[in-house]
Amino acid sequence: MKKSKVSSSQSLVQPKYYVGVGASAGGLDFFSRMPNDSGMAFIVIQHLSPDYKSMMVELLSKRTLMEVKRAEDGLLVEANKLYLIPPKTNLTIFHGKLLLTEQGHDRGLNLPIDIFFRSLAEDQGDKAVGIVLSGTGSDGMRGVRAIKEAGGMVMVQTPESAKFDGMPRSAISTGLADFMLPADEMPAQLLQFAEFPHSAKSDVKSRLERGETYLDRIFSLLRDHAKLDFTHYKPSTVLRRIERRMTVNSIAELSDYVQFMERNPREVSVLYKELLIGVTSFFRDPEAFEFLMRKAIPEILSKNADREIRFWVAGCSTGEEAYSVAIACKETMALHKRSYDVKILVATDVDQTAIQQAGSGIYQASLVADLPPELQKKYFHVHGDVYQVSRSLREMVVFAQHNIIRDPPFTNIDFVSCRNLLIYLQPNLQNKVMELFNFSLNPGGILFLGSSETIGQHEHYFDVLQQRWKIYKSKGRKGLNAENCGRLHVLEPIRARVSAPVRKHLAVELEDERMLERFVLSLAGGILPLTLIVNERLELLYTIGDGKDILKMPPGRTQFNIANVMEKELAIPLATSIQRSFSRNENVAYSNLGFKSAGKNRKVGLKVILLGTKKNQEPLAAVLIEDIPDAKLSPEQRKDDDKLCRGRHTAHVRPRAGTPVHQGKSPGPPSRSLKLPTRSFRRQTRSFSPAMRNCRVPMRSFSRSTRNCTP
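Note that the coordinates shown come from a computational prediction; the quantities given were computed from them, not determined experimentally.

Caption draft 1: Just the overall build of the protein, in detail. Check the secondary structure of the protein and you find 26 helices and 26 strands. Looking at the protein as a whole, 52% of its 711 residues qualify as buried. Sequence separation of at least 24 residues holds for 72% of the intrachain contacts in the protein that already meet a minimum separation of 6.

Set out below in structure tokens:
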């Protein structure tokens, strides 16, 4: 292939984007379609065995018009060139220069793609692009999070087109991929992204700020979607993420993006996820944890040896920070050969999806790789290509969905960890959160912040224990009264103005819904059993029939999570079945579920039916709960009727319309990576009724799906 000549002045141009390409195989299809004058630089990181002799330099040289170079230590990265990592090395980038280090094999799994992606994110910020191609394992998963956190862009090869789909599937599982395409279709999309006007960043902030009305509408859409108000997040962060989504969708004007969000609810969900990106890891900043284990945690344990010791990990994301604190406590107790009543009271986050993942305690190998091998062996169990936190460690942690801005704080806390959350909030909100932490902490309690965060103007509340790692001790001065901590009123309701075409469309839909509602309500009580309509977040949206004997409204703040308002004995199987139905895209049915109502034993059948959806509609499910009369029970079931939950529970799985039906054999047990229900029903599992604790024959499918749940 004849190469076109590139002038020396052109080659010295600083790259428009720095594109990291991670793969253990393949990549030729991508580069054979990439022109040599894109203005971008490409750094290829191969995840290969140290003994594998790669011919990639020779192969790429024959398939691309760009100059292909083996990376060298201190080499300045130039536009329109392709750099390839040498074997047996790790590659990072600093101020645009490549740095090489030898791979160390004393720490187990080596992840060169993660190492480079994280370095690229830190060095280049929003000029970083991460591309994950075919490969085994989960290398690149953490790097994808880091690039997105820095404002960069991520492309992932579709698993169906990859020879090895491990790395693409792991990257996609983060939910942060901007584009998922076959490798040969990526160059055209990358060029379109790079050439879009917003990529130049010219006066983006001022243009978005001038569209304050449109920002209000975006915030309103986000609040309607997730019950979370982003108005008091730092403008720089919010504007950067909005601008990036506009670039990805090739939308030039903010007004057009608002209309795009109104027409496409999925875009609202994507932007919400981007604003809540949680970049975390086990023992992030190891030196900070070393200080905690050497000084802060031993002091807390010894001072409170005669009572329960409480921890609160706020903004815990997917749980790595909470489990790290738990490990630090256990290791400290082992070192001092003492046992204390340590309980991480709660690990909280506003993101329900993250809480569900945290509760399962299941992580890809790449996320556990930084832990010393002895800690991996001690606190994790290996299941195939994933690691699960040990039961003893999970028993220390209760995960709950909690909005630190809106919900009441926890009290009598000895240790608060809130790392890299305050940096996203405006100063006035930071101050209010710091006052809440001071209110929560006992005198002498520890506050652990992120390395880029400070206590600001609250020196009168805290003493500095370790300045570099932002570890503080409470002075015990309370600045808030208890009644002032119930809720922070952050913002008046946003009045969103919806465009005329959208209003007309909504009016038609509303009329259809009213007609259907009249029809459905006419069936209630006579034909339909008690029916509950819920979404993926387990929120109760609609009730058909009389549920007064099953649905209970708990005291306190109004809640609509189905696990919170359902009769206690039914909450766990109900929430689990809904999660299972959504995650496996199939209908689920349980029969002979026992519980006690008004002093009487009752048995019900439960069905979860996924509702059909039109384009961009929120996925919903109907839960049908029907009483099973005693006459329908077998003699054996009637014999056990006086012993709640001792009957044999049978699960029936009915595939959703359009999914294949299993012929001749059972579809098999549910996935062990099943998303777990959140919040209060985790607490309910700690306080089973005696009948539930004495359950003789647990439902087979349900027991499998909850075997790894947090107790």
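Caption draft 2: Focus on the packing of helix α10 (residues 235-248) against helix α12 (residues 265-275). Two numbers describe how α10 lies on α12: the axes approach to 10 Å, and their chain directions differ by 140°. As far as their axial angle goes, α12 and α10 are oblique. The handedness of the crossing between α10 and α12 is right-handed. Along the contact surface, α10 presents V238, R241, I242 and R245, while α12 presents E267, V270, L271, E274 and L275.

Caption draft 3: Focus on the packing of aromatic side chains. Scanning the model with the defined rule gives 19 aromatic pairs in all. Look at F289 and F448: their rings are 5.7 Å apart centre to centre, the planes differ by 85°, and that puts the pair in the edge-to-face class. Separated by 159 residues along the polypeptide, F289 in helix α13 (residues 286-303) and F448 in strand β18 (residues 441-449) bring together distant segments of the chain. The same class applies to F289 as to F448, namely buried.

Caption draft 4: Structural view of the sheet that holds strand β6 (residues 89-94). Reading across the sheet, the three strands line up as β4-β7-β6 and stay open at both edges, with antiparallel pairing between neighbours. Strands with a single pairing partner mark the edges of an open sheet, and in this sheet they are β4 (75-76) and β6. Across two bridges, the pairing between β4 and strand β7 (residues 97-102) is antiparallel. Counted as the bridge partner of L76 is K97 from β7.

Caption draft 5: Spotlight on the pairing of strand β24 (residues 600-610). By the bridge criterion, eight bridges tie strand β23 (residues 586-597) to β24 in an arrangement that is antiparallel. In the strand pairing of β24, A589 is matched with K607. Two strands pair when backbone bridges link them, and β24 and strand β25 (residues 620-627) are joined in this way by seven bridges, in the antiparallel orientation. Among the inter-strand pairings, G605 is bridged to a residue of β25, identified as E626.

Caption draft 6: Structural context of the packing of helix α11 (residues 254-263) against α12. For the pair α11 and α12, the least separation of the axes is 5 Å and the interaxial angle reads 110°. Taken together, the axis directions place α11 and α12 in an arrangement best described as roughly perpendicular. Residue-level inspection shows Y257, F260, M261 and R263 of α11 in contact with α12, the latter providing P265, E267, V268 and L271. When its residues are assigned to classes, the contact of α11 with α12 shows six nonpolar, no polar and two charged.

Caption draft 7: Structural context of the sheet that holds strand β15 (residues 386-389). Spatially, three strands are ordered β13-β15-β14 in an open sheet, and the strand pairing comes out antiparallel. Strand pairing shows two members of the sheet lacking a second neighbour, β13 (362-364) and β14 (380-383), which therefore form its edges. Looking at each pair of strands side by side, their axes are set apart by 35° on average, direction ignored. Summarising the sheet, β14 and β15 pair through four bridges and their orientation is antiparallel. Looking across to β15, one finds that H383 is bridged to V386.

Rules used throughout
Residues numbered from 1 in each chain as written. Predicted model: local features only at pLDDT ≥ 70, side-chain atom pairs only at ≥ 80, totals over all residues. Heavy atoms only, no water. Helix = DSSP H or I, 4+ residues; strand = E, 2+ residues; numbered from the N terminus. Buried < 20%, exposed > 50% of the residue type's maximum accessible area, 1.4 Å probe, protein only. Contact = heavy atoms within 4.5 Å. Axes fitted to C-alpha atoms, helices over the stretch in contact; angles between N-to-C directions. Parallel < 35°, antiparallel > 145°, perpendicular 65-115°, else oblique. Left-handed = near helix turned anticlockwise from the far one by under 90°. Phe/Tyr/Trp six-rings, centres within 6.5 Å; stacked < 30°, edge-to-face > 60°. Pairing = 2+ DSSP bridges. Nonpolar A, V, L, I, M, F, W, Y, C, P; charged D, E, K, R; others polar.

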